[in-house]
Structures are given as structure tokens and as C-alpha cells.
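# Architecture at a glance
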Amino acid sequence: MASLALSMVLALSMAALGCIAAVAEARAFFIFGDSLVDSGNNNYLETTARADSPPYGIDYPTGRPTGRFSNGLNIPDLIGKQIGLSESPLPYLSPDFNGKKLLVGANFASAGVGILNDTGVQFVNILRMYRQLELFQEYKRRLSTLVGSKQAHRLVSQALVLITVGGNDFVNNYYLVPFSARSRQYSLPDYVKFLISEYQNLLMKLYKLGARRVLVTGTGPLGCVPAELAMRGNNGGCSQELLRAASLYNPQLVEMINGLNADIGKDVFISANTQRMHNDFVSDPQAFGFTTSEIACCGQGPYNGLGLCTQLSNLCPNRDVYAFWDPFHPSEKANRLIVEQIMNGSNHYMHPMNLSTVMAFDSRI
């Protein structure tokens with residue numbers, strides 16, 4: 001009887017290990033950055049930068065808010081589906097993030113953060129980028145305990161990483177108030193150089209932590225989001241100063257990424273020209289099935305661009321005809337257009353290659 005019981009325990013243990021190994025065969029996915037990619041970490045923090053109340057999530061499969069700054073799915077959800085994940089990586093702070101969930105990957109993003117630690121100070125308790133990287137190290141230790149250090153290293157090195165950060169360093173730092181501390185310290189061109197230098201340090205830390213395929217998005221056309229049209233736009237036009245910031249920042253980001261890849265000797269970092277992706281439907285919304293790229297679906301004031309999206313806000317009946325869900329964030333449909341370009345876009349959008357090419361290349365290694 002004892003030997004039978006032992007055999008059953010061994011069989012169950014082998015089955016569990018086999019299940020873990022099968023899940024681990026799928027490519028893991030890690031997400032870092034701000035509200036564009038936060039899937040709910042801020043739900044577990046004392047901060048005002050939250051999307052955990054209706055009407056957020058109105059078009060999510062559950063119909064309920066999840067912490068995503070979207071009416072439905074966000075960019076990580078959509079990329080995850082494209083790379084074959086059966087479920088999106090959970091927010092790292094979620095109490096459900098344990099066991100086999102670790103093998104899918106993890107979302108460390110936190111609404112309000114920027115490249116710089118002083119970006120988003122008004123939101124108080126958010127996961128700043130240095131903290132996101134600390135939690136990634138903690139995650140790796142937890143993963144090693146689950147599957148062993150060798151398998152953990154393999155999973156991380158073969159994973160896809162997405163990092164989306166930088167926009168808040170302009171709208172929630174440099175341009176947050178007139179004569180902000182950073183704008184007194186730096187001219188705009190010098191501030192951009194400073195941001196790029198600090199971002200390079202973050203990307204190299206990710207590389208040293210084992211990331212080998214990192215998708216880096218630029219900023220969108222910052223001056224054309226409904227919030228900026230409402231606060232800084234001129235006669236219905238985009239904020240030229242914020243457009244200037246984006247036009248300085250994005251090319252230098254690509255140049256920095258190219259330099260890192262040259263130094264490493266491999267195309268570890270892939271740049272996504274999200275400014276151009278947004279510009280397509282901002283400049284010609286009707287061509288993409290939108291009726292407007294100026295007015296947010298959810299909000300109040302001019303362009304529905306003021307304040308937060310709440311149950312008291314104006315709410316459009318059909319989210320698919322709005323490029324922007326709230327004053328700052330794209331609708332799910334716009335997110336789908338962005339991910340389509342990430343997957344299949346030409347070199348004008350993705351450099352040095354799109355994500356479909358990356359996946360095809362990696363599958364042969």
C-alpha cells in the first residue's frame with residue numbers, strides 16, 4: 001500500500017511538472033511602462049491614477065472595469081493574442097498572480113509613471129520605473145523557485161518584452177504647469193537629450209536582467225489628444241509645443257535604440273513608431289472608420305478632454321467610431337490598428353523589423 005501511494009504521488013508530481021513544462025513552452029510576455037499598457041497594477045495602490053470604475057471596461061469581455069485605461073482591450077492584450085497567449089499576463093500586484101500564472105509573463109506597468117522618477121509626483125504612490133525593474137528581479141526569483149534557475153533563465157531570455165513610457169515626462173512633468181521645475185532646468189532640446197540618456201539606462205538594465213527581445217514604443221502625437229486640444233490647442237488645432245516635443249523625442253529614441261543594438265551586436269530592441277501610427281488616424285480618421293479623432297468618447301468639457309472619465313461623464317454610444325476613449329487614451333479599435341502595424345507594419349512603422357518578422361526569425365533559432 002505504501003509503495004502504491006508513493007507511486008501515485010510520483011505520478012501526480014510528474015504530471016504537474018509536465019503541465020508546467022507545457023505552459024512554459026509558450027513565449028512569455030512582460031510589460032513595463034505607463035497607463036497605455038497598465039492592466040490593473042494601480043488598482044492595488046493608493047493613487048488617483050486609476051481606471052477601476054465604470055465606464056472603463058464597458059467593452060471588456062466581462063463588461064467591468066479592470067484597471068485598463070480603455071473601453072475594452074489594451075495593447076498588451078492584443079499583442080498577447082497575436083503571439084499565441086491564451087490569457088493576458090496578470091498585473092504583478094494581483095493577488096491571483098502565482099503558480100502557473102508566472103509562466104505566462106507579468107505586467108509591471110503603472111499609470112502615471114515616466115522615464116524620470118519625478119514624473120507623476122501628483123499621483124503619489126505609483127510603480128516608478130526603477131520599482132518596476134525591482135519587481136522584475138523579484139519575479140525572476142519567484143520563477144526560479146517554481147521551475148528552477150535554468151528553466152527560468154530560458155523563459156526570460158525567450159520572452160517578448162514591451163516597454164511604453166515617455167509621454168508622461170512631457171504632459172505630467174515638463175508641461176504640467178507653466179514654468180515647471182524641469183522646464184526651468186532644461187530647454188526642450190536639452191530635456192529630450194536628458195530623457196533619451198535616462199531611457200538608455202533603463203533599457204540596458206532590462207538587457208542585463210535577461211531581456212533579449214524588447215519592443216520599445218515612441219510617444220504618440222502628444223499635442224493632438226483630446227486633453228491637449230482642450231487645454232492647449234489653438235482654434236481647434238493641436239498643441240504645437242507638444243508636437244514639437246514629440247518630433248524631437250521620437251527620432252532620437254530610434255537613434256538611441258539603433259546605437260544600443262550596434263553595441264550589443266544583435267537586434268535586441270525593436271522600435272515602434274507609434275507617433276506615425278497615431279498620426280494616420282488622427283489626420284484622416286474617416287479612412288479608418290472613425291467619425292472623429294478629436295473628441296474623446298468619455299469625458300467632459302471641450303472635446304470631452306477635461307477631467308477624468310467617470311459615470312458622470314459624457315459617454316458615446318458607439319466606441320468604434322472614436323479614436324480616443326478618454327482624454328488621453330486610444331479606444332480599443334484604435335489599439336487594434338496600432339497593434340496591426342506593430343505586427344505587420346513596414347520599416348516606416350517598425351525598425352529594424354515588425355513583430356511578425358521577429359516571431360518568424362525567432363522560431364527558427
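You'll find the structure just up there.
Treat the numbers as computed from the prediction; the structure is a model and nothing was measured. (Residues numbered from 1 in each chain as written. Predicted model: local features only at pLDDT ≥ 70, side-chain atom pairs only at ≥ 80, totals over all residues. Heavy atoms only, no water.)

### Re the overall build of the protein
Our working rule: The way it works is that DSSP assigns letters per residue, a run of H or I at least four long becomes a helix, a run of E at least two long becomes a strand, and they are numbered from the N terminus. Values of the radius of gyration come from C-alpha atoms, whereas the globule rule sets the reference at 2.2 Å times the count of residues to the power 0.38. Partly exposed residues are those whose accessible area sits between 20% and 50% of the maximum for their type, while under 20% is buried and over 50% is exposed, using a 1.4 Å probe and protein chains only. Only heavy atoms matter for contacts: two residues are in contact if any of them lie within 4.5 Å across the pair. All accessible areas in this document rest on Shrake-Rupley with a 1.4 Å probe, and a residue is counted as covered only by the protein chains that are shown. Charge assignment in this entry is limited to Lys and Arg as positive and Asp and Glu as negative, and neither His nor the chain termini are counted. Lysine's charge is taken at NZ, arginine's at CZ, aspartate's at CG and glutamate's at CD.
In terms of regular secondary structure, the protein is built from twelve helices and eight strands. A compact globule built from 365 residues should have a C-alpha radius of gyration of about 21 Å, and the protein, at 21 Å, falls within 12% of that. Residue burial in the protein is summarised as follows: out of 365 residues, 52% are buried. Residue pairs in contact within the protein that sit at least 24 positions apart in sequence constitute 70% of those at least 6 positions apart. Accessible surface computed for the protein: about 16100 Å², of which carbon and sulfur atoms make up 55%. If the 29 positive side-chain charges of the protein are averaged to one point and the 28 negative ones to another, these points end up 7 Å apart.

### Describing the pattern of salt bridges
Under the convention used in this document: Take a side-chain nitrogen of Lys or Arg and a carboxyl oxygen of Asp or Glu: if they are within 4 Å of each other, that pair is a salt bridge.
Enumeration according to the criterion identifies eleven salt bridges in this entry. Measuring nitrogen to oxygen at the nearest pair gives 2.8 Å for the salt bridge that ties Arg319 to Asp59. Highlighted residues: Arg319 in the loop between strand S7 (314-315) and helix H11 (332-344) and Asp59 in the loop between strand S1 (29-33) and helix H2 (75-82), separated in sequence by 260 residues. For Asp59, a relative accessible area of 32% gives the class partly exposed. Residues Glu332 and Arg336 are paired through a salt bridge, measuring 2.9 Å at the closest nitrogen-oxygen approach. With a gap of four residues between them, Glu332 and Arg336 both fall in helix H11, about one helical turn apart.

### Examining helix H3 (residues 129-147)
We count it as follows: By definition here, a helix of n residues has an expected span of 1.5 Å times n minus one. Taken from the helix axis, the directions to the C-beta atoms give the arc we talk about.
For H3, which comprises 19 residues, the first-to-last C-alpha distance of 27 Å matches the rise-based estimate of 27 Å (1.5 Å per residue) to within 8%. Within H3, burial applies to Met129, Gln132, Leu133, Leu135, Phe136, Tyr139 and Leu143. Mapping the buried residues of H3 onto a view down its axis gives an arc of 155 degrees, with all of them on the same face. Exposed and facing more than 90 degrees away from the buried side of H3 are Arg141 and Thr145. For H3, the elements touching its buried residues are S1, strand S2 (105-107), helix H4 (149-157), strand S3 (160-164) and helix H7 (188-208). Following H3 by one or two positions, Gly148 has its phi on the positive side, about 95 degrees.

### Some remarks on the sheet that holds strand S5 (residues 269-272)
Sheets are built from strands that pair by backbone hydrogen bonding, the pairs being arranged parallel or antiparallel. Put simply, the test is: In this scheme, strands are said to pair when DSSP sees at least two bridges between them.
Taking strand neighbours across the sheet as the criterion, the six strands line up as S2-S1-S3-S4-S5-S8 in an open arrangement whose pairing is mixed. Both outer strands of the open sheet, S2 and strand S8 (350-351), are each paired with one neighbouring strand and no more. Alignment of S1 against S3, held across five bridges, turns out to be parallel. Note that in S3 the partner of Phe29 across the bridge is Leu160.

### A closer look at a nonpolar patch on the surface
Keep this limit in mind: Like-charged residues are merged into a patch within 9 Å and nonpolar side chains (Val, Leu, Ile, Met, Phe, Trp, Tyr) within 5 Å, provided each residue has over 30% relative accessible area and no salt bridge.
On the surface, a cluster of nonpolar side chains totalling about 260 Å² of accessible area is made up of Met231, Leu306 and Phe328. Along the chain, the position of Leu306 falls in the loop between strand S6 (298-299) and S7.

### Some points on the nonpolar core
Definition in use: By convention a nonpolar core is built from buried Ala, Val, Leu, Ile, Met, Phe, Trp, Tyr and Cys residues, the set being connected through side-chain atoms within 4.5 Å.
In terms of nonpolar packing, the biggest core is built from 72 residues, with Phe30, Phe32, Tyr139, Ile163, Phe170 and Tyr199 touching the most fellow members. Those elements that provide at least two residues to this core are S1, H3, H4, S3, helix H5 (167-174), H7, strand S4 (214-217) and helix H9 (240-264). In terms of residue count, the dominant contributor to this core is H7 (eleven residues). Look past the residues within four positions of Ile163 in its chain and what remains in contact with it is Phe32, Met129, Tyr199, Leu203, Leu206, Val214, Leu215, Val216 and Thr217. Core analysis: the next-biggest nonpolar cluster, separate from the first, contains 36 residues, Ile79, Cys224, Met277 and Phe290 among them.

### As for the state of the cysteines
Here is the rule: We call a pair of cysteine sulfur atoms a disulfide when they lie within 2.5 Å.
Evaluated as defined, the whole model comprises three disulfides. A sulfur-sulfur separation of 2.0 Å characterises the disulfide bridge that pairs Cys297 with Cys316. Between Cys297 and Cys316 the disulfide shows an S-S torsion of about -95 degrees. By sign, it is left-handed. With Cys297 in the loop between helix H10 (274-283) and S6 and Cys316 in the loop between S7 and H11, this residue pair connects regions lying 19 residues apart in the sequence.

### With respect to the packing of H3 against H4
Formally: Note on method: axes are straight lines fitted to C-alpha atoms, helices fitted across the in-contact stretch only, with angles between N-to-C directions ranging 0 to 180 degrees. The cut-offs work like this: below 35 degrees is roughly parallel, past 145 is roughly antiparallel, 65 to 115 is roughly perpendicular, and the gaps in between are oblique. When the near helix sits turned anticlockwise from the far one by under a right angle, the crossing is termed left-handed; a clockwise turn instead gives a right-handed crossing. For this classification, the nonpolar set comprises Ala, Val, Leu, Ile, Met, Phe, Trp, Tyr, Cys and Pro, the charged set comprises Asp, Glu, Lys and Arg, and every other residue, Gly included, is treated as polar.
Two elements in contact, H3 and H4, have axes whose closest approach is 7 Å; the angle formed by their N-to-C orientations is 130 degrees. By the angle between their axes, H3 is oblique relative to H4. The crossing of H3 and H4 is right-handed. Residue-level contacts link Phe136, Tyr139, Lys140, Leu143, Ser144 and Val147 of H3 to Ser149, Gln151, Ala152, Leu155 and Val156 of H4. Of the residues that constitute the contact of H3 with H4, the class distribution is seven nonpolar, three polar and one charged.

### A word on the pairing of S1
This is how the line gets drawn: Looking down the strands as they point away from the viewer, one classifies a crossover as right-handed if the path from the first strand across the helix to the second runs clockwise.
Most of S1 sits out of view: five of its five residues are buried. Alternating positions in S1 separate into two faces, Phe29, Ile31 and Gly33 on one and Phe30 and Phe32 on the other, with burial throughout. Across three bridges, S1 lies against S2 in parallel orientation. When the bridges of S2 are listed, Phe30 appears paired with Ala106. At this point the chain moves from S1, through H2, to the parallel S2, and the crossover so formed is right-handed.

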